[in-house]
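Coordinate analysis (summary)
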Amino acid sequence: MQYQIVGEALPVAVLDMVPGESVYTERGGMSWMTDDFKMETNMEGGLMSAVARKFAGESMFLTSYTAVTAGQIAFSSEFPGEIIALKLGTDESMICQKDSFMAAERSVTLAHHFRKRLGAGLFGGEGFILQKLTGPGIAFVELDGTVVNYTLGPGEIMKVDTGYVAMYEPTVQLEIETVRGFKNVLFSGEGLFMTKLVGPGKIWLQTMPFNRLADKIMSRFPK
């Protein structure tokens, strides 16, 4: 499978596939395709897996597209941001924010990832259930705004405002830290909690979380 990511503000992943190659996506995820694909929709993994996907921000039903002859298929971003192509090795995983999954080769597993710590789930800005992609294969995720990535060394810490964590390797620990200082809590605009990412591992941060943009737009409406 060959692919290219086209566009800037609202990008699209365009895949060129040969006969027998297959990708799957959430319901309604495909943007356009040539007349060379067999489409099949089902509740991948059974009812429990489907319910877990729903809590992780995806649809209960997934759709597979298999190339019958050589063809092209495209998946567009739903929000201004970036599309990241993850080339995952065998048993290599990535933890992503919910609703970030776009499409993946059939060899890639999409599963839910539970945050083990109560505080991280309640106050981390992303909820208890995230998405976990496991290789081998190529997967495409869409992240909000511009994406900046860092590689943290063992014990190295990055403190992030809630909602700005887009993706991280499983070796990274995600913790919640209380903002210190009475005036900082009341007047800094950062809230009571911050997310703390502890290395080793790679992290991806996003500059425009969707919920922040939605809050900004709603604040402009007359009350």
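None of the values given here were measured: they were computed from a predicted structure.

Right, let's get into the overall build of the protein. On a plain count of helices and strands, the protein comes out with four helices and 19 strands. Considering only intrachain contacts with a sequence separation of at least 6, the fraction spanning at least 24 residues in the protein is 77%. Total accessible area computed for the protein in this model is approximately 11,900 Å², and 57% of it derives from carbon and sulfur atoms.

What follows deals with the pairing of strand 2 (residues 12-17). Along strand 2, five of the six residues are buried, which leaves the element largely enclosed by surrounding structure. Of the pairings in the sheet, the one linking strand 1 (residues 2-6) to strand 2 comprises five bridges and is antiparallel in character. Bridge assignment links Gln4 to a residue of strand 2, and that residue is Val14. Where strand 1 folds back onto strand 2 in an antiparallel hairpin, the turn is made up of five residues, including Gly7, whose phi is positive at roughly 100°. Across six bridges, strand 2 lies against strand 7 (residues 71-76) in antiparallel orientation. Looking across to strand 7, one finds that Met17 is bridged to Gly71.

With 19 residues, the main nonpolar core has Leu86, Leu133, Val141 and Met167 as its most contacted residues. Counting only elements with at least two residues in this core, the list comes to strand 8 (81-88), strand 9 (93-96), strand 10 (101-105), strand 13 (137-144) and strand 16 (165-168). Sequence-distant contacts of Met167, defined by excluding residues within four places in its chain, comprise Ile84, Leu86, Met94, Ile95, Cys96, Val141, Leu143, Ile203 and Trp204. Within the second largest apolar cluster, 14 residues are counted, among which are Tyr65, Phe75, Ala103 and Phe140.

Moving on, we get to the sheet that holds strand 2. An order of 1-2-7-4 is seen for the four strands of this open sheet, with the pairing classed as antiparallel. The outermost strands of the open sheet, each flanked by one partner alone, are strand 1 and strand 4 (32-33).

To continue, consider the pattern of salt bridges. The tally for this structure, following the rule as stated, stands at three salt bridges. A salt bridge links Lys196 to Glu175; its shortest N-O distance comes to 3.5 Å. Note that Lys196 is positioned in strand 18 (residues 193-198) and Glu175 in strand 17 (residues 173-178), a separation of 21 residues in sequence. Salt bridges sharing common partners tie together Lys159, Glu175, Glu177 and Lys196.

Next up on the list: the environment of Gly29. Within the secondary structure, Gly29 is located in the loop between strand 3 (22-26) and strand 4. Here Gly29 falls in the buried class, since its relative accessible area comes to 15%.

So, about the sheet that holds strand 11 (residues 109-114). Spatially, 11-12-9-16-19-14 is the arrangement adopted by the six strands of the open sheet, whose pairing is antiparallel. Strands at the two margins of the open sheet, each flanked by one partner only, are strand 11 and strand 14 (147-152). Across the sheet, the mean angle separating the axes of adjacent strands is 25° when strand polarity is ignored. When strand 9 meets strand 16, the two strands line up antiparallel, connected through two bridges. Residue pairing for strand 16: Cys96 is matched across the bridge by Met167.

Definitions and limits used
- Residues numbered from 1 in each chain as written.
- Predicted model: local features only at pLDDT ≥ 70, side-chain atom pairs only at ≥ 80, totals over all residues.
- Heavy atoms only, no water.
- Helix = DSSP H or I, 4+ residues; strand = E, 2+ residues; numbered from the N terminus.
- Contact = heavy atoms within 4.5 Å.
- Areas by Shrake-Rupley, 256 points an atom, 1.4 Å probe, with all protein chains shown as cover.
- Buried < 20%, exposed > 50% of the residue type's maximum accessible area, 1.4 Å probe, protein only.
- Pairing = 2+ DSSP bridges.
- Core = buried A, V, L, I, M, F, W, Y, C linked by side-chain atoms within 4.5 Å.
- Salt bridge = Lys/Arg side-chain N within 4 Å of Asp/Glu carboxyl O.
- Axes fitted to C-alpha atoms, helices over the stretch in contact; angles between N-to-C directions.

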